[in-house]
Amino acid sequence: MARSLSGGNLASMVARGFGSPLATLREFETSHVLDAGSRPSHSAGPQAIQRLRRLFFRWFLPAAMALLFLLAIGLVVFRLAYEDRLYPAIVVGDVAVGGLTPAEAQTRITERAASLENGTVSFSFGGQTWTPTLSELGVTVLLDESIEEALWLGREGSSASRLAFMGEILDADQVVPLQTQINQTILNAWFDSVDRDLGQLPVNAQIVIDGTSVSVTPGTDGMGVDREAATTHLVHALSTLQPLAVSLPTAVLHPDITEEDLVSVRAEVEQVISKPVPITFEDQQWTIEGPTLAPFLHAETVMGSGGPTARLHVDTKALARELRTRFSPLVNRKPIDAVLGWNNGLVVIEPSTTGAVVKSNDFADAVEQSVLNGHTSVTVPVVTVDPEIDGGQLDAYGINTLLGQGDSNFDGGNEGRDENVRVSTEFLNGTLVPPRGTFSFNEAIGEITYEKGYKDALVATAEMVGPGVGGGVCQLSTTVFRAAIYSGMSIKEWYPHTNRLPDYERDGWGPGFDASILQVGPTMDDWADFKFENNTDNWLLIEATISYPYVYVNIYGSDDGRSVDTNAYEMGDNAFAFTRVIYDAQGTVIEERTFESPFQ
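What counts, and at which threshold
- Residues numbered from 1 in each chain as written.
- Predicted model: local features only at pLDDT ≥ 70, side-chain atom pairs only at ≥ 80, totals over all residues.
- Heavy atoms only, no water.
- Helix = DSSP H or I, 4+ residues; strand = E, 2+ residues; numbered from the N terminus.
- Buried < 20%, exposed > 50% of the residue type's maximum accessible area, 1.4 Å probe, protein only.
- Contact = heavy atoms within 4.5 Å.
- Areas by Shrake-Rupley, 256 points an atom, 1.4 Å probe, with all protein chains shown as cover.
- Salt bridge = Lys/Arg side-chain N within 4 Å of Asp/Glu carboxyl O.
- Phe/Tyr/Trp six-rings, centres within 6.5 Å; stacked < 30°, edge-to-face > 60°.
- Pairing = 2+ DSSP bridges.
- Axes fitted to C-alpha atoms, helices over the stretch in contact; angles between N-to-C directions.
- Parallel < 35°, antiparallel > 145°, perpendicular 65-115°, else oblique.
- Left-handed = near helix turned anticlockwise from the far one by under 90°.
- Nonpolar A, V, L, I, M, F, W, Y, C, P; charged D, E, K, R; others polar.
- pLDDT = per-residue confidence, 0-100.

**Section: the overall build of the protein**
Reasoning step 1: Looking only at helices and strands, the protein features 15 helices and 33 strands.
Reasoning step 2: Residues counted as buried form 39% of the 600 residues belonging to the protein.
Reasoning step 3: A fraction of 66% describes how many contacts in the protein between residues 6 or more apart in sequence connect residues 24 or more apart.
Reasoning step 4: About 32300 Å² of surface is accessible on the protein, with carbon and sulfur atoms providing 51% of the total.

**Focus on the pattern of salt bridges**
Reasoning step 1: For the coordinates displayed, the defined rule picks out 16 salt bridges.
Reasoning step 2: When the shortest N-O distance is used, the salt bridge between Lys359 and Asp362 registers 3.2 Å.
Reasoning step 3: The shortest N-O distance in the salt bridge between Arg500 and Glu505 comes to 2.7 Å.
Reasoning step 4: On the accessibility criterion, Arg500 (33% relative accessible area) is partly exposed.
Reasoning step 5: If you follow the salt bridges from partner to partner, you end up with Asp192, Asp195 and Arg227 in one network.

**Overview of the side chain of Thr478**
Reasoning step 1: Examined against the element boundaries, Thr478 turns out to sit in helix α15 (residues 474–487).
Reasoning step 2: Dropping the residues within four chain positions of it, Thr478 is found in contact with His497, Tyr504, Phe513, Asp514 and Ala515.

**Overview of the packing of aromatic side chains**
Pairs of aromatic rings are described using the distance from one ring centre to the other and the angle between the two planes.
Reasoning step 1: Scanning the model with the defined rule gives 21 aromatic pairs in all.
Reasoning step 2: Ring geometry for Phe427 and Tyr454: centres 6.4 Å apart, planes at 25 degrees, overall stacked. In this pair, Phe427 sits in helix α13 (residues 415–428) while Tyr454 sits in the loop between α14 (441–445) and β25 (456–461), placing the two residues 27 residues apart along the sequence.
Reasoning step 3: For Phe427, a relative accessible area of 34% corresponds to the partly exposed category.

**Topic: the sheet that holds strand β4 (residues 128–130)**
As a general point, the strands of a sheet are linked pairwise by backbone hydrogen bonds and lie either parallel or antiparallel.
Reasoning step 1: Spatially, the three strands line up as an open sheet ordered β4-β3-β11, and their pairing is mixed. Edge positions in the sheet fall to β4 and β11 (245–247), since each has one partner strand and no second. Each strand axis lies, on average, 20 degrees off the axis of its neighbour in the sheet, ignoring direction.
Reasoning step 2: Pairing geometry for strand β3 (residues 122–125) and β4, over three bridges, is antiparallel. Counted as the bridge partner of Phe123 is Trp130 from β4.
Reasoning step 3: Each of β3 and β4 touches helix α7 (residues 184–198); the most contacted strand, β4, lies at about 165 degrees to it.

**Focus on the packing of helix α4 (residues 102–118) against helix α5 (residues 143–152)**
Reasoning step 1: Taken N-terminus to C-terminus, the directions of α4 and α5 make an angle of 135 degrees; their axes are 10 Å apart at the nearest point. What the angle tells us is that α4 and α5 run oblique. Seen from above, α4 lies across α5 with right-handed handedness. Facing Pro102, Ala105, Gln106, Ile109, Thr110 and Ala113 of α4, the residues of α5 in contact are Leu143, Asp144, Ile147 and Leu151.
Reasoning step 2: Of the residues that constitute the contact of α4 with α5, the class distribution is seven nonpolar, two polar and one charged.

**What to know about unusual backbone geometry**
Reasoning step 1: Cis geometry marks the peptide bond from Tyr548 to Pro549, where omega comes out at 10 degrees.
Reasoning step 2: Take Pro549: it is sitting in the loop between β29 (540–547) and β30 (550–557).
Reasoning step 3: Of note in this structure, Glu282 is not a glycine but carries a positive phi near 55 degrees.
Reasoning step 4: When you line up the elements, Glu282 lands in the loop between β13 (277–281) and β14 (284–288).

**Some thoughts on the pairing of β29**
Reasoning step 1: The pairing of strand β23 (residues 431–433) with β29 spans three bridges and is classified as antiparallel. Paired with Val433 across the bridge in β29 is Leu540.
Reasoning step 2: Bridging between β29 and β30 involves seven bridges; their strand directions are antiparallel. Considered in β30, the bridge of Ala544 is made with Val553.

**Let's talk about the sheet that holds β29**
Reasoning step 1: The four strands lie next to each other as β22-β30-β29-β23, forming an open sheet whose pairing is antiparallel. Either end of the sheet is taken by a strand with one partner, and the two such strands are β22 (401–409) and β23. Averaged over neighbouring strand pairs, the angle between their axes works out to 20 degrees when direction is ignored.
Reasoning step 2: Strand contacts of α13: β23, β29 and β30, with the helix running at about 155 degrees to β29, the strand carrying the most contacts.
Reasoning step 3: On top of the sheet, α15 reaches β22 and β30; it is set at about 145 degrees to β22, its chief contact.

**Overview of the confidence of the model for the protein**
Reasoning step 1: On average, residues of the protein score 85 in pLDDT, and 86% of them reach the 70 mark or higher.
Reasoning step 2: Scored below 50 in pLDDT, residues 1–25 shows 27 contacts in the model against residues more than four places distant or in partner chains.
Reasoning step 3: Between residues 32–42, whose pLDDT stays under 50, and residues either more than four places distant or in other chains, the model counts two contacts.

Spelled out as structure tokens, the structure:
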């Protein structure tokens, strides 16, 4: 019985070990005997076998050997032809890449991968449809891995298995799966978004703070994506490369935190809001009680590593407003300048005090940390406001010598006038003028009122003389004017008296060395004032004292070598004047000015 050996059958025979001619003969003999029937002929058998043996060794064996040799030659040629190419009839996913180089295959598969990743799937539920791309679901095609597997297909294993592969590619295409992977984080994020779209998320049990009462609201079930089932649909679609359009699988979602989980948490929150927060500032102490804090506390129930817990939050913005209202009157204060005087040098008469302003936002943050961390004591945070005149920094003012002095005699006045001179002298004493700053007499003594201790006495207003509060204060402004003149200060605002007053001309002071002030008008800008500029580079100290019947004004500062000359003279018609010249240390004129007093 004759048999035809196709390429596929021959490759299969070689793969099974049917490569020995003797084995082939034995198989043929067995086949022949079986074909002869169940009762072989005794007479013809040996002769037939001998004929077959001769036939086999003369014709069949050489033909078979030649065929095997040609097959081996063909296999070598085939492998050399596809040494740097994929074998024919290979398909990756649904992309034919047989006979292509790896680079060509990658280009073709890349196009398919991009099409696949940008393709959409469809999930529907309750009238809603979601059509995300595979890329949006975290699907990525593994190009390198897919091409690598296709390249090695038919090149691994034994010689027999590689020869068998030759027969297989003659029968049918050899398919390599298009390898993909799913980023579970991205996929879960998409599932989360669908859960939100469904609008039926489960609600965890929550701690609720109402005043000083703490309660628990129970959790409720919800509905969301059955993630395992949806993932199975997706994986199946990727393996078959078939479109996916299915109903969205859903499942009941249970809350992560139940009412029973929060029994101990509720007790912890109750303990937190029951304790007061200690507050201190300098030598003062207060407490903020639980009922005060409770309106600003909120509890968020979360899952911790050990189970459910309550994360407390404080509405610090609202708390800051409450703390500012309550503690500002107790803590805030203005800085107090030091009162300086002269005693053979600059000395502190009264020390300075720093000011303080509550930093309410920082205060609220500190209270929050105390509540969350064991109710530790809180020191009120403040902005420190330094005084302008610091008693601890005397050298910084550069006041080290007497620059000029003025005096005046107020003997013979009545009791009210004498008291007004005394009160105004106390207000003026210790006044400091910054470098290049302006001294204002009205500003230095303040408003003249009964509340400040001033009395009624004769007041000269324009051409009128009559009783009024503060009569006699011009005695002091005149004395300051004289000190400023001989200190070499630059006079910025000055008004002589309307009438010549002989009392100001005692002890050798001539007419015109006086200065009037008048506090009439709604604001200080409307008042008649006496002002001078501190035209030095250091501070000035104005010292005002009384040794009855004299009032003295000394101006202290830093000696820069300046000197002052004055020249008084009569202008006629009851008018007088004096000229002052200020020289610097080199004798150069700094300022020259004439002061005229045209008395009525």
